[in-house]
Amino acid sequence: MRTQVCIIGGGPSGLLLGQLLLKQGIDAVVLERKTRDYVLGRIRAGVLEVGMADLLRQAGVANRMDAEGFIHEGTIISNNNDQFRIDFKKHTGTPVIVYGQTELTRDLYDAREHSGGKTIFNVENVVINDAKTESPYVTYQLDGIEHRIDCDFIAGCDGFHGVSRKSIPNTVRKEFEKVYPFGWLGVLSETPPVSHELIYSNSDRGFALCSMRNANLSRYYIQAPLTDKIVDWSDNLFWDEFKRRVPENIADTLITGPTIEKSIAPLRSFVSEPMRWGRLFLCGDAAHIVPPTGAKGLNTAASDIHYLFAGLVQYYKERDDAGLELYSEKALARVWKAERFSWWMTSLLHRFPDQTDFDLKMQATELDFLRDNESAQSVLAENYVGLPY
Ligand code: RFL
Ligand code: PHB
């Protein structure tokens, strides 16, 4: 088989790139290790920057997001019972859109099926070959039979555990990593959200986040030790702990119910440089991970796709490879800013096992400063709604 761009990974990065390319008449095949249902079963991000929303519109997959997504013009930050609001609209003129990654991925799969884009599921043993030549190819197995796709370019959109990043030799690749000593225990519950804006809560017992998916579906998180087991967190234990970490008025009005999903995700900051090796381009989680506190994981994947898509269009329409040459540099410049913001938000809002009394005072003072200082709020707002592409 031959295609112009072979996309490894059918998560949001790969699917978004596939749809954008299809609209430009550029042929792409998506290889996915799992099934569509498996990919759609993963509950992940919820906040979209307007830059990402625009990209989804450009790809022609934004109708449901525009109809059902929630426009958020601000967010609440709390420190025990002290609460204040960051006004995105006032500081940046821009809101964010709350629309779940699961729904967005479903829209992308539906659009792909509708437009006849080729997706191959359940692929095994994907291998990237000759990425440093002008004739790269990808081999994989399906039902035990070996297949080969010849292509012009390979987009490595296969997430943190994929093969793409690891195909770049160790001598070329430099990895930067910070692993946090806790995770996020997240639940989904069929209850109305406790607040119409997200609440990021620092408390003496650790971090908590109130988020949502729709009018009757809430997403709540608490910081938890990585050694905790899901089976030990009954719904009652979760709600009790959650209520202790949010301001009293929120705890008092919270509607609890049986949870329909519960999982613990580790927190990590990670960047792999460069994001291009010959004709292989890494995008999204394949190249970088952020802790979720800044809601940047999915959005940074989208900005990578923006740069790669622009470079590919320039190559195919103008026979100019300048955009592709600059891909890694441009993508990384934005990635590192998202890393900085996510690391800062994480440091501001969590309890760390080795925090000294001095560290705690610094954290509390940083929160007081943010509460009282419009410029600091403006910096947070600018980063949260998304830096320009
Ligand atoms: P994904 O979503 O991991 O998709 C990669 C896809 O590639 C497939 N794959 C392969 N396919 C073919 N061959 C191989 N060898 C393959 N190896 C893997 C996988 O099956 C998968 O379908 O990466 P992508 O597309 O770059 O999208 C990135 C986002 O998913 C990610 O940044 C965010 O979800 C991160 N993230 C969160 N971000 C937020 O902004 N807010 C959140 O609340 C949030 N929660 C999360 C998260 C990431 C998590 N992970 C990765 C464990 C919660 C979790 C649990
Ligand atoms: C979510 O709704 O899952 C969510 C929202 C904001 C974050 C992280 C996760 O910062």
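This one's a predicted model, so the numbers in the text were calculated from it and none came from an experiment. (Residues numbered from 1 in each chain as written. Chains lettered and ligands numbered in written order. Predicted model: local features only at pLDDT ≥ 70, side-chain atom pairs only at ≥ 80, totals over all residues. Heavy atoms only, no water.)

## Quick word on the site of ligand 1
Stage number 1. In the region of ligand 1, 30 residues are neighbours, and S13, E32, R42, Q101 and D285 sit closest.
Stage number 2. One of the backbone nitrogen or oxygen atoms of P12 is found 3.3 Å away from an oxygen atom of ligand 1.
Stage number 3. Contact distances for ligand 1 include 2.7 Å between an oxygen atom and a side-chain N or O atom of S13.
Stage number 4. Taken by itself ligand 1 offers 1,000 Å² of open surface, and the protein chains cover 85% of this.
Stage number 5. For the shell around ligand 1, the secondary-structure elements that each account for two or more residues are α1 (12–23) and α9 (297–318). (Near = heavy atom within 4 Å. Polar contact = N/O pair within 3.5 Å; in protein donor to acceptor, adjacent residues only side chain to side chain. Areas by Shrake-Rupley, 256 points an atom, 1.4 Å probe, with all protein chains shown as cover. Helix = DSSP H or I, 4+ residues; strand = E, 2+ residues; numbered from the N terminus.)

## Some details on unusual backbone geometry
Stage number 1. That bond from E273 to P274 is cis: its omega, -10°, falls within 30 degrees of zero.
Stage number 2. Examined against the element boundaries, P274 turns out to sit in the loop between β17 (259–273) and β18 (276–277).
Stage number 3. Phi at A295 takes a positive value of approximately 55°, unusual for a residue other than glycine.
Stage number 4. In this fold, A295 is placed in the loop between β20 (288–289) and α9.
Stage number 5. When its relative accessible area of 18% is taken as the criterion, A295 is described as buried.
Stage number 6. Not every positive phi belongs to a glycine, and R319 is a case in point at roughly 55°.
Stage number 7. If you trace the backbone, R319 turns up in the loop between α9 and α10 (322–325).
Stage number 8. A residue is classified by how much of its surface remains accessible, and R319, at 62% relative accessible area, is exposed. (Buried < 20%, exposed > 50% of the residue type's maximum accessible area, 1.4 Å probe, protein only.)

## Details of the packing of aromatic side chains
Stage number 1. Tallying each qualifying case throughout the model produces 23 aromatic pairs.
Stage number 2. Residues F153 and F281 carry aromatic rings whose centres are separated by 6.1 Å and whose planes lie at 65° to one another, so their mutual orientation is edge-to-face. Taken as a pair, F153 in strand β12 (residues 153–156) and F281 in strand β19 (residues 280–282) lie far apart in primary sequence, 128 residues in all.
Stage number 3. With centroids separated by 6.5 Å and ring planes inclined at 80°, the aromatic side chains of F341 and Y384 adopt a geometry described as edge-to-face. Of the two residues, F341 is situated in helix α11 (residues 327–349) and Y384 in helix α13 (residues 374–385); the sequence distance between them amounts to 43 residues. Across this residue pair, the class does not change: F341 and Y384 are buried.
Stage number 4. A network of ring pairs unites the aromatic residues F88, W184, Y200, F207, Y221, F341, W344 and Y384 as a single cluster.
Stage number 5. Lying across the ring of Y384, K296 places its NZ or CZ 5.5 Å from the centre.
Stage number 6. Positioned above the aromatic ring of Y315, the side-chain terminus of R319 is 5.0 Å from the ring centre. (Phe/Tyr/Trp six-rings, centres within 6.5 Å; stacked < 30°, edge-to-face > 60°. Lys NZ or Arg CZ within 6 Å of the ring centre and 35° of its normal.)

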